[in-house]
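The chain contents come next:
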Amino acid sequence: MNRLEKAAQLALFEGLDLQPKQTLLLVAQPKLAPAAHVFRKVAEKERVEVLFLEIPNHNKHPLISPLTRNLIAHVERVVLLASYLDPESLHWLRHQSRSRVIVWPQLEEETIARCANSDLKKLRERCRKLADILTIGRNLTLRHESGLELELSLAQRRGHAEVLPLENEMFCASLPCGRAFSSTQASSVSGEMLLNGIAGERGFSTQPIHVKMVDGKLTLIRGAKNANIMRRRLRATWTTAESGDSAAKPSVGRSCVEIGLGLNEHAKLGQSELEDEKVSGTVHLGFGRRSTPARPAEILVRGIVVNPTLIIDGREIMQKGRLTLE
């Protein structure tokens, strides 16, 4: 069995718990279609019915079109092979609650090997433990190596674990997996932080971004190239198929709506947006538009903090990137 076949085994049977006679939908961009056919071969060998959908390469329009959304919503198990996911498509995948979806953005041999080397049981336990701490916690302090601090409230917020196999309320995960995250309480985020980079962008640590938050809103974004990228992303807005409302004002996209911890020791920075947020020893902050009763928060950019110290209710959870719970 070659590495790609092992990747298919991991995604299909470890991630989706695929069973004989179930139906699988494979969605892939054209350049990843050959890999999708390997996934199909592995699935059909286990008597799984496979449907295949090729989607166009990313352009100005969302990668996951209304037609694709409709197909995904009617199949229990989905594997998506795409080198890039725009924020709107990723937002929809992570908040739909009908299908179990595994996203694999990188299928190079080195990435597959790192995923295969992960101890999924140990990683699952670690993520669940941190998700529980985020659920129980009320007050969180994030401290950068430079001394800058950010404080926020987790009161009445539930922590989540992105692990394999998919379980409970988690309907979508990307590979490599391994993070714990929570939404933040509205208007509670205040202080300053130095972001070492933006998920999905190059230039970690060499182009830090200095941000300031007051009452949950960004009031300062200062830095070089990555700061400009962050400003541009935060100006982007979209209208989800479910909401049907008009485009929001630019200022609405400047809220800190999520905080998460990367917990995978085999994940590496600079590989993809979905892998950057999983890297052990990092914390990611999701910036975008606040949620409403009818619509979950929209995250337009994730800032990565490398080697931070994290304190929840006076208890040090992470010290300079090292978990103190293990």
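Keep in mind the model is a prediction, meaning the values are calculated, not measured.

Asks: Help me understand the overall build of the chain in this model?
Replies: From N to C terminus, the chain includes eight helices and 19 strands. Relative to the globule expectation of 20 Å for 326 residues, the C-alpha radius of gyration of the chain, 19 Å, shows essentially globular dimensions. Along the longest, intermediate and shortest principal axes, the C-alpha atoms of the chain span 55 × 45 × 35 Å. Nonlocal contacts in the chain, meaning residues at least 24 apart in sequence, comprise 67% of its contacts between residues at least 6 apart. Carbon together with sulfur atoms contributes 48% to the accessible area of the chain, which is approximately 14400 Å² in total.

Asks: I tried to follow the packing of aromatic side chains on my own but got confused; where do I start?
Replies: Here a ring pair, both rings aromatic, is described through the centre-centre distance and the interplanar angle of the planes. A full pass over the atoms with the stated rule returns zero aromatic pairs. Positioned over the ring face of Phe-171 is Arg-100, at 4.2 Å from the centre of the ring. Lying across the ring of Phe-181, Arg-179 places its NZ or CZ 3.9 Å from the centre.

Asks: For this particular structure, what's the right way to read the pattern of salt bridges?
Replies: Opposite charge on two side chains makes pairing possible when the charged atoms of those side chains draw close. Throughout the structure, instances matching the rule amount to 20 salt bridges. The partner of Glu-277 in a salt bridge is Arg-94, with the nearest N and O atoms 2.4 Å apart. Placement of Glu-277 in the loop between α8 (273-276) and β15 (282-289) and of Arg-94 in helix α4 (residues 87-95) is noted, with a sequence separation of 183 residues between them. Classification of Glu-277 by relative accessible area gives buried; the value is 1%. Glu-149 serves as the salt-bridge partner of Arg-143, at 2.6 Å between the closest nitrogen and oxygen.

Asks: When you look at unusual backbone geometry in this model, what are you seeing that I'm missing?
Replies: Of the consecutive residues Leu-164 and Pro-165, the connecting peptide bond is found in the cis state with omega at -5 degrees. Its location among the elements puts Pro-165 in the loop between β7 (160-162) and β8 (172-174). Residue Pro-176 is bonded to the preceding Leu-175 through a cis peptide linkage, with omega at 0 degrees. Positive phi, normally seen in glycine, also occurs at Asp-17, with a value near 50 degrees. Taking relative accessible area as the criterion, Asp-17 reaches 42% and is therefore assigned partly exposed. Even without glycine at this site, Gln-156 takes up a positive phi of about 65 degrees. You can see Gln-156 is positioned in the loop between β6 (149-153) and β7.

Asks: Mind showing me how you'd approach helix α7 (residues 225-235) here?
Replies: Given 3.6 residues per turn, any residue in an α-helix points the same way as the ones three and four places further on. Within α7, burial applies to Asn-226, Ala-227, Ile-229, Met-230, Arg-233 and Leu-234. Along α7, the residues classed as buried sweep out an arc of 160 degrees about the axis, all on the same side. Among the exposed residues of α7, those oriented more than 90 degrees off its buried face are Lys-225 and Arg-235.

Rules of the game
- Residues numbered from 1 in each chain as written.
- Predicted model: local features only at pLDDT ≥ 70, side-chain atom pairs only at ≥ 80, totals over all residues.
- Heavy atoms only, no water.
- Helix = DSSP H or I, 4+ residues; strand = E, 2+ residues; numbered from the N terminus.
- Rg over C-alpha atoms; globule rule 2.2 N^0.38 Å.
- Contact = heavy atoms within 4.5 Å.
- Areas by Shrake-Rupley, 256 points an atom, 1.4 Å probe, with all protein chains shown as cover.
- Phe/Tyr/Trp six-rings, centres within 6.5 Å; stacked < 30°, edge-to-face > 60°.
- Lys NZ or Arg CZ within 6 Å of the ring centre and 35° of its normal.
- Salt bridge = Lys/Arg side-chain N within 4 Å of Asp/Glu carboxyl O.
- Buried < 20%, exposed > 50% of the residue type's maximum accessible area, 1.4 Å probe, protein only.
- Arc of directions from axis to C-beta.

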